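# A look at the structure
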Amino acid sequence: MFAPLGLFKDIPCPQGSECTLMACMFSHRNLTSAPAPQDASSEKENAEPPTKRIKLEPRAEAKEASKDDLPRVADSTRSTPIKKPATPVPRVGSTPPVSRQLATPRTTAATPTKRENTPKPGSTLPPRQAPKETLNPRMLQKAPATYNVRVAILKKLHGALCSLNDQLVKDKTLQDKCLILTPDELITMALDEEEKVAKENPTVYSNVVKLRIVKLSKMSKEDWAKELKDYLNKKYYKIKTEAASKEPKPFKSDLTVEEEIAVASQLVTPLQGLEEFGYVTRAPTAAEIETAKKGVAEAKGWEKCERCNARFQVFPGRAEDGSLATGGTCTHHPGKTFYPPRKKTDHITGTTREGYFTCCNQKLGESSGCTTGETHVFKVSETKRLASILQFEQTPENPFLGDRTPICFDCEMGYTTFGMELIRLTAVSWPVGEKVLDVLVRPLGEVLDLNSRYSGVFPEHYVNAVPYDTPVEASTSDLTQHQLVSSPAEARRLLFNLIKPTTPLIGHAIDNDLNACRIIHPTIIDTAILYPHPGGGLPWRMSLRTLARKHLAREIQTGGASGKQGHDSAEDALATGDLVRVKAGLVWGRLKDKGWVIREGKLVAPDSNAAAGPVQMKLGDGAGVKRARAGE
């Protein structure tokens, strides 16, 4: 016989006190002795009705056996009934037969019930259920250390967690009583943290866990409560954190407004050489526009879907039957494809990276899509074709504006029969962050899809919009009311009233916004270039949401203006401006250490009394700034 592994040592024996095995693999601890015999009347009251027997085809032997329900043993000469031991009558507190245990949960004194963490009085949170675990390291495919080492580290980690939990228990002013953990939850939390480090950092397992223990020992109650909320959010339920319950805190810079404006002029992105990445520096000629129009006419409206790559036909102005496009519905994945990062041991373990879609976590090739659109859509990227719909314009001179402060602007686009068009434009002053322009735009083509998932613009926005120059009434609903302009050209004219060629125009991947407005502006600050992609800069770009989370500790693009979903151009414009303020603070710190000063709102080099020229920025340079030649 094999030696028992003790896998069932914590499970009560199904037979309870009736078990007759000398070496039972189940637990017999805390088993109460058999209850005192009861009288016949009480036995009848407590006895459970017998289970129904399956009716079989009648046979001679079966009919004879049914008289006393006793099994028979087949014999060549005779069939003698053999009586089996009578089953004990179930009593209150006794363990039911195994056949009943599968259908009815046991509530005997010998069986421990599953512990539930009920909320404290006055708490509206759902109850937490922590598994019953022991302070024993969880089994891993490849352990980072020996068993004894892991046990010793786990005990110290558990002790640090218990110490912090005791501080919350003694805090009489604590309002969130749900932050107080039970002993089972403390054990589970210690096991979770130890297992996470063991899987993610197996080579430096001991050092990481020891540093974690030291950090816990020095952590304050406030920091522990904040960290505990994040843990409980992922483990059990969503707790309304301070960041979610309040508006994002405005960014505070150590620089004055004058210093920020002076330094921002040195962060201007030179457009020379960026034409291949979508930045337009000259308007297409009339001959180029005519060529683009001929190509569109010869194509007869056939386009390639931006989402599913299907071929379909689009009808600007509608077809005779009133349709705008062919091809039916569009099934696609709105999220991007993501591949897990490579590991140094992949070639040893033979692990292959399997890409999946961020929208539904489905692996590549599992399905054609998780979202269905009413129609196919397309996007126009060629400059001359964009100009054939609406020609590009240079930012005009505005002598009456004076020295204008930089402007942050962001656009939202939707799909129409002319491709992707401007549907909302927002501009805010920098660095103050005051909104100076926010309008909905009526596109030139018929709308195929407002792209609400990302634009945050819904049909009800257009329904509730008012003409431009009409005062916006205070909305009683969750839907914000906007002013509506008649065309993208009109929205561009309103923006031209706020800027001139020397005004720094700030945006993230600003080429998309400028092309949507058909604007050629020589002075831009693009945060997609200020914060280059780790892969080497353009054409790869970091998303605005990632940059805001990393450098501003701010979550954006989580709800949109309507509170449903999508982006909010006002929110994005403010986040872009704050990212420039972060970079301006870093740049000014370096220049100040080298002796640069600010005089009359302009930067002055350390060895010159004249204002320094724009600091040239190297594409893909993380710092993004070099000293001007005048200061070298």
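Reading the values: the criteria
- Residues numbered from 1 in each chain as written.
- Predicted model: local features only at pLDDT ≥ 70, side-chain atom pairs only at ≥ 80, totals over all residues.
- Heavy atoms only, no water.
- Buried < 20%, exposed > 50% of the residue type's maximum accessible area, 1.4 Å probe, protein only.
- Helix = DSSP H or I, 4+ residues; strand = E, 2+ residues; numbered from the N terminus.
- Pairing = 2+ DSSP bridges.
- Contact = heavy atoms within 4.5 Å.
- Phe/Tyr/Trp six-rings, centres within 6.5 Å; stacked < 30°, edge-to-face > 60°.
- Polar contact = N/O pair within 3.5 Å; in protein donor to acceptor, adjacent residues only side chain to side chain.
- Expected span 1.5 Å × (residues − 1).
- Patch = residues over 30% accessible without salt bridge, like charges linked within 9 Å, V, L, I, M, F, W, Y side chains within 5 Å.
- Areas by Shrake-Rupley, 256 points an atom, 1.4 Å probe, with all protein chains shown as cover.
- Salt bridge = Lys/Arg side-chain N within 4 Å of Asp/Glu carboxyl O.

Most of strand E11 (residues 419-429) sits inside the fold, with 11 of its 11 residues counted as buried. For E11 and strand E12 (residues 435-441), the ladder comprises five bridges, and the chain directions are antiparallel. Note on E12: the bridge partner recorded for Arg424 is Leu440.

Take the pairing of E12 next. Most of E12 is tucked away: five of the seven residues are buried. Counting the residues in the hairpin turn of E11 and E12 gives five residues, including Gly433, whose phi is positive at 85°. As paired strands, E12 and strand E15 (residues 483-485) are joined by three bridges and run parallel to one another. The residue of E15 that forms the bridge with Val441 is Val485.

Turning our eyes to something else, we now look at the environment of Leu422. By the secondary structure assignment, Leu422 is in strand E11. Considering only alpha carbons, one finds Leu422 and Ala489, 67 residues apart in sequence, at a separation of 9.9 Å. If sequence neighbours within four positions are ignored, Leu422 has contacts with Cys411, Glu412, Met413, Val441, Pro443, Pro488, Ala491, Ala516 and Cys517.

A word on the packing of aromatic side chains. Under the defined criterion, the tally for this structure stands at three aromatic pairs. Geometrically, the ring pair formed by Phe312 and Phe378 is tilted, given 6.3 Å between the ring centres and 55° between the ring planes. Here Phe312, found in strand E4 (residues 311-313), pairs with Phe378, found in the loop between strand E8 (371-373) and helix H12 (383-389); they are 66 residues apart in sequence, far enough to count as distant. Look at Phe312 and you get buried, because its relative accessible area is 0%. Look at Phe378 and you get buried, because its relative accessible area is 2%.

It is worth spelling out the environment of Ser253 at this point. Structurally, Ser253 is set in the loop between helix H8 (242-245) and helix H9 (257-264). Each C-alpha atom, one on Ser253 and one on Val582, is 7.5 Å from the other, the two residues being 329 residues apart in sequence. In this structure Ser253 touches Glu260 and Arg581, once residues within four positions along its chain are discounted. Among the polar contacts listed, one links the side chain of Ser253 to the backbone nitrogen of Leu255, at a separation of 3.2 Å. Of the polar contacts made by the side chain of Ser253, one reaches the side chain of Glu260; its length is 3.1 Å.

In this model helix H7 (residues 221-235) runs 20 Å from its N-terminal to its C-terminal C-alpha over 15 residues, within 8% of the 21 Å that 1.5 Å per residue would give. All buried positions along H7 are accounted for by Trp224, Ala225, Leu228, Lys229, Tyr231, Leu232 and Asn233. As for H7, its buried residues are in contact with helix H4 (147-170), helix H5 (183-200) and helix H6 (205-217).

This part takes up a nonpolar patch on the surface. Taken together, the side chains of Leu5, Leu7, Phe8, Ile11 and Met25 present a nonpolar region at the surface, about 550 Å² in accessible area. Examined against the element boundaries, Phe8 turns out to sit in the segment before helix H1 (40-46). By relative accessible area, Phe8 is classed as partly exposed at 37%.

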